[in-house]
Amino acid sequence: MMLTRAAEALAAEGVRWLDLGSVDTEAAPGLARFKLGTGAGLRRLGATMLVLP
């Protein structure tokens, strides 16, 4: 209910998408199920790295 209300309020302010973070079905299957149950779409992202001199 809170997520729905927050999404509605953000949509009214012009926000078009939310980043729910990574989906790890092995380490946190319940959280992954919740995120996907909200209608989240999975996106494959490349690795992130910091290259120091």
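Provided above is the structure to which this section pertains.
Here the structure is a predicted model, which is why all the values come from computation and not from measurement. (Residues numbered from 1 in each chain as written. Predicted model: local features only at pLDDT ≥ 70, side-chain atom pairs only at ≥ 80, totals over all residues. Heavy atoms only, no water.)

Caption draft 1: Spatial organisation of the overall build of the protein chain. A tally of helices and strands in the protein chain yields two helices and zero strands. A compact globule built from 53 residues would reach a C-alpha radius of gyration of about 10 Å, whereas the protein chain, at 15 Å, exceeds it by more than 25%. Taking the principal axes of the C-alpha coordinates as reference, the protein chain spans close to 45 × 30 × 15 Å. Here the protein chain, with 53 residues, has 4% of them falling under the buried criterion. Counting every atom, the protein chain has about 5300 Å² of accessible surface; 59% of that belongs to carbon and sulfur. Distance between charge centres in the protein chain, computed from 6 positive and 5 negative side chains, equals 5 Å. (Helix = DSSP H or I, 4+ residues; strand = E, 2+ residues; numbered from the N terminus. Rg over C-alpha atoms; globule rule 2.2 N^0.38 Å. Buried < 20%, exposed > 50% of the residue type's maximum accessible area, 1.4 Å probe, protein only. Areas by Shrake-Rupley, 256 points an atom, 1.4 Å probe, with all protein chains shown as cover. Lys, Arg positive; Asp, Glu negative; His and termini not counted. Charge placed at Lys NZ, Arg CZ, Asp CG, Glu CD.)

Caption draft 2: Here's a closer look at the environment of Thr-4. Relative to the assigned elements, Thr-4 resides in helix H1 (residues 2–12). Remark: the alpha-carbon pair of Thr-4 and Thr-38, spanning 34 residues in sequence, is separated by 9.0 Å.

Caption draft 3: Structural context of the environment of Leu-36. Relative to the helices and strands, Leu-36 resides in helix H2 (residues 29–37). Put simply, Leu-36 and Pro-53 are 17 residues apart on the chain and 39 Å apart in space, counted from C-alpha to C-alpha.

Caption draft 4: Structural view of the side chain of Lys-35. With respect to the element layout, Lys-35 can be found in helix H2. Asp-19 provides the closest opposite charge to the buried, salt-bridge-free Lys-35, at an N-O distance of 7.1 Å. Sequence-distant contacts of Lys-35, defined by excluding residues within four places in its chain, comprise Leu-20, Gly-21, Ser-22, Val-23 and Ala-40. (Salt bridge = Lys/Arg side-chain N within 4 Å of Asp/Glu carboxyl O. Contact = heavy atoms within 4.5 Å.)

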